[in-house]
Amino acid sequence: MRDFDKSIISCAVTGAIHVPTMSPHLPITAEEIAQEAIDAAEAGASIVHVHVRDEETGEPTSDLDLFRDVAETVQANCDAVVQPTTGGGHGMSVEERISVVPELEPEMASCNMGSINFGLYQLLSKFDEFEYEWEEEYLANSRDYVFRNTFEDLETILPTFEEHGTMPELEVYDVGHLYNAKHMVDRGILPTPLHIQFVMGIHGGIGATAKNLNHLVDVADDLFGDEFSFSVIGAGRHEFPLGTQAVSMGGNARVGLEDNLFLERGQLAESNAELVEKMVRLTREVAGREIATPAETREFLGLKG
Ligand code: KMH
Ligand code: ZN
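Let me sum up the structure you'll find in this document. Just so we're clear, the structure is a prediction, and the values are computed from it rather than from any experiment. (Residues numbered from 1 in each chain as written. Chains lettered and ligands numbered in written order. Predicted model: local features only at pLDDT ≥ 70, side-chain atom pairs only at ≥ 80, totals over all residues. Heavy atoms only, no water.)

Burial analysis of strand 10 (residues 194-200) places seven of its seven residues in the buried class, the great majority of the element. Judged by which residues are buried, strand 10 turns out to be covered on both faces: Leu194, Ile196, Phe198 and Met200 on one side and His195, Gln197 and Val199 on the other are all buried. Looking at chain direction, strand 9 (residues 167-172) and strand 10 are connected through four bridges and run parallel. Residue pairing in the sheet places Glu169 in a bridge with His195 of strand 10. In the classification by handedness, the crossover that spans strand 9, the intervening helix 7 (residues 175-186) and the parallel strand 10 is right-handed. (Buried < 20%, exposed > 50% of the residue type's maximum accessible area, 1.4 Å probe, protein only. Helix = DSSP H or I, 4+ residues; strand = E, 2+ residues; numbered from the N terminus. Pairing = 2+ DSSP bridges. Right-handed = clockwise from strand over helix to strand, strands pointing away.)

Moving on to the pattern of salt bridges. As enumerated under the stated definition, the model contains ten salt bridges in all. The closest approach of N and O atoms between Glu296 and Lys6, which form a salt bridge, is 2.8 Å. Within this pair, whereas Glu296 is found in helix 11 (residues 294-301), its partner Lys6 is found in the segment before strand 1 (9-12), the two being separated by 290 residues in sequence. Through salt bridges that share partners, Asp65, Arg68 and Glu103 make up one connected network. (Salt bridge = Lys/Arg side-chain N within 4 Å of Asp/Glu carboxyl O.)

The next thing to look at is the coordination of the zinc ion (ligand 2). Protein-derived coordination of the zinc ion (ligand 2) comes from His49 (NE2), His51 (NE2) and Glu258 (OE), at a distance range of 2.1 to 2.2 Å. Along the chain, the residues donating to the zinc ion (ligand 2) fall in the pattern H-x1-H-x206-E. Highlighted residues: His51 in the loop between strand 2 (47-50) and strand 3 (52-53) and Glu258 in the loop between strand 12 (252-255) and strand 13 (262-264), separated in sequence by 207 residues. Per residue, the accessibility class of His51 equals that of Glu258, and both read buried. (Donors = N, O, S within 2.8 Å, 3.2 Å for Na, K, Ca; no water.)

Attention shifts here to the pairing of strand 9. For strand 9, a buried count of six out of six residues is recorded, marking the element as mostly surrounded by other parts of the structure. On strand 9, burial covers both faces: Met167, Glu169 and Glu171 on one face and Pro168, Leu170 and Val172 on the other are all buried. Relative to strand 9, strand 6 (residues 108-112) runs parallel, the two being bridged by five bridges. Residue pairing across strands places Cys111 opposite Leu170, the latter belonging to strand 9.

Before going further, it helps to examine the packing of aromatic side chains. The full count for this structure, using the stated rule, is eight aromatic pairs. Ring centres of Phe118 and Tyr173 lie 6.1 Å apart, and the angle between their planes is 65°; this geometry places the pair in the edge-to-face category. With a gap of 55 residues between them, Phe118 in the loop between strand 7 (116-117) and helix 5 (133-141) and Tyr173 in the loop between strand 9 and helix 7 connect regions that are remote in the sequence. Judged by its relative accessible area of 7%, Phe118 falls in the buried class. Owing to a relative accessible area of 7%, Tyr173 belongs among the buried residues under this scheme. Here Phe147 and Tyr173 contribute two aromatic rings whose centre-to-centre distance is 6.0 Å and whose plane-to-plane angle is 80°, an arrangement assigned as edge-to-face. One end of the pair, Phe147, is in strand 8 (residues 146-147); the other, Tyr173, is in the loop between strand 9 and helix 7, with 26 residues separating them in the sequence. Following the ring pairs from residue to residue traces out a cluster consisting of Phe118, Phe147 and Tyr173. (Phe/Tyr/Trp six-rings, centres within 6.5 Å; stacked < 30°, edge-to-face > 60°.)

Okay, the side chain of Lys6 next. There is a polar contact of 2.8 Å between the side chain of Lys6 and the side chain of Glu296. Not counting the four nearest positions on each side in its chain, Lys6 is found in contact with Asn252, Arg289, Glu290, Ile291, Ala292 and Glu296. (Polar contact = N/O pair within 3.5 Å; in protein donor to acceptor, adjacent residues only side chain to side chain. Contact = heavy atoms within 4.5 Å.)

This brings us to a negative patch on the surface. There is a patch of like negative charges on the surface, built from Glu31, Glu32, Asp54, Glu55, Glu56, Glu59, Asp63, Asp69, Glu72, Glu133, Glu136 and Glu137. Of all the elements in the fold, those that place two or more residues in the negative patch are helix 1 (30-43), helix 2 (64-77) and helix 5. A relative accessible area of 33% means that Asp63 is categorised as partly exposed. (Patch = residues over 30% accessible without salt bridge, like charges linked within 9 Å, V, L, I, M, F, W, Y side chains within 5 Å. Areas by Shrake-Rupley, 256 points an atom, 1.4 Å probe, with all protein chains shown as cover. Lys, Arg positive; Asp, Glu negative; His and termini not counted. Charge placed at Lys NZ, Arg CZ, Asp CG, Glu CD.)

Close to ligand 1 lie 14 residues; Thr85, Ser110, Asn112, Arg254 and Glu258 are nearest. At 3.1 Å, a side-chain N or O of His49 approaches an oxygen atom of ligand 1. One of the backbone nitrogen or oxygen atoms of Gly87 is found 3.1 Å away from an oxygen atom of ligand 1. Protein chains shield 96% of the accessible area of ligand 1, which is 300 Å² for the free molecule. When each cavity is represented as a set of grid points, ligand 1 is found to reside in the largest pocket. (Near = heavy atom within 4 Å. 1 Å grid on protein atoms, 1.4 Å probe; cavity = no way out; pocket = protein on both sides within 12 Å on 5 of 7 lines; lining within 4 Å. Sits in = over half its atoms within 2 Å of the grid points.)

And the structure:
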């Protein structure tokens, strides 16, 4: 693993997993998403991960004008790295998802390293009524949804990143995805060093346990030696335990309302910034590490700036 004395905190401000009924604090409009990202950066996030939503209904969309609006507002108000998603939302095609890279040419974007079942339907049991019509159907349809990232898709996606100078953050939902990355490195399609994000606790991916995180890091060490760095997403209540483990191991952590709605058990987070502030405290107090600034993050990851 690559050494870095500082810890990079990313914040995923809205995502495409949670639906508006689940929290009144989930940002929906481009203005709200941008403001949450700016506040998260102020609290210590050096990377802000961005999805966009339909401004009326909150449904995830791949509307490039909204992505552009959010990116421009964030960049005009802070120097955090704006990292758009290429994972998009359930039901979007791979072409729709990737179009943000050639259109915005961001410094960095997420890049999903393999296909998985991606179940959200288990969340249905928590709600009797939804505010918007699409929400219940969106969650229920995930029972039959494959989050598609085939080898052929990766053969198109990865060169698109390189062509536009966009650094891929490799989203790894299970151990096999590390071997997919290794395959792409060996074929010369994926340049090193890699920045890997372990996504743990998605229904369809690896479970969110301490033992699994150790295993993922061990396998990455075997495959990539000192040519990788990593960050961790622990879905839901696993956000802070796994984030703290990650930063204690010399890695990095992602928090945010995309991944987790609660500041602590039974208490909704009122903003993304609150989640970032908590991760900053844990990083300093438990792991004894300082937080990387956006400039330090850019330098470490070799972003084009
Ligand atoms: N939605 C997360 C489970 C992406 O947007 O491309 C992981 C993620 C990937 O944020
Ligand atoms: Zn995302």
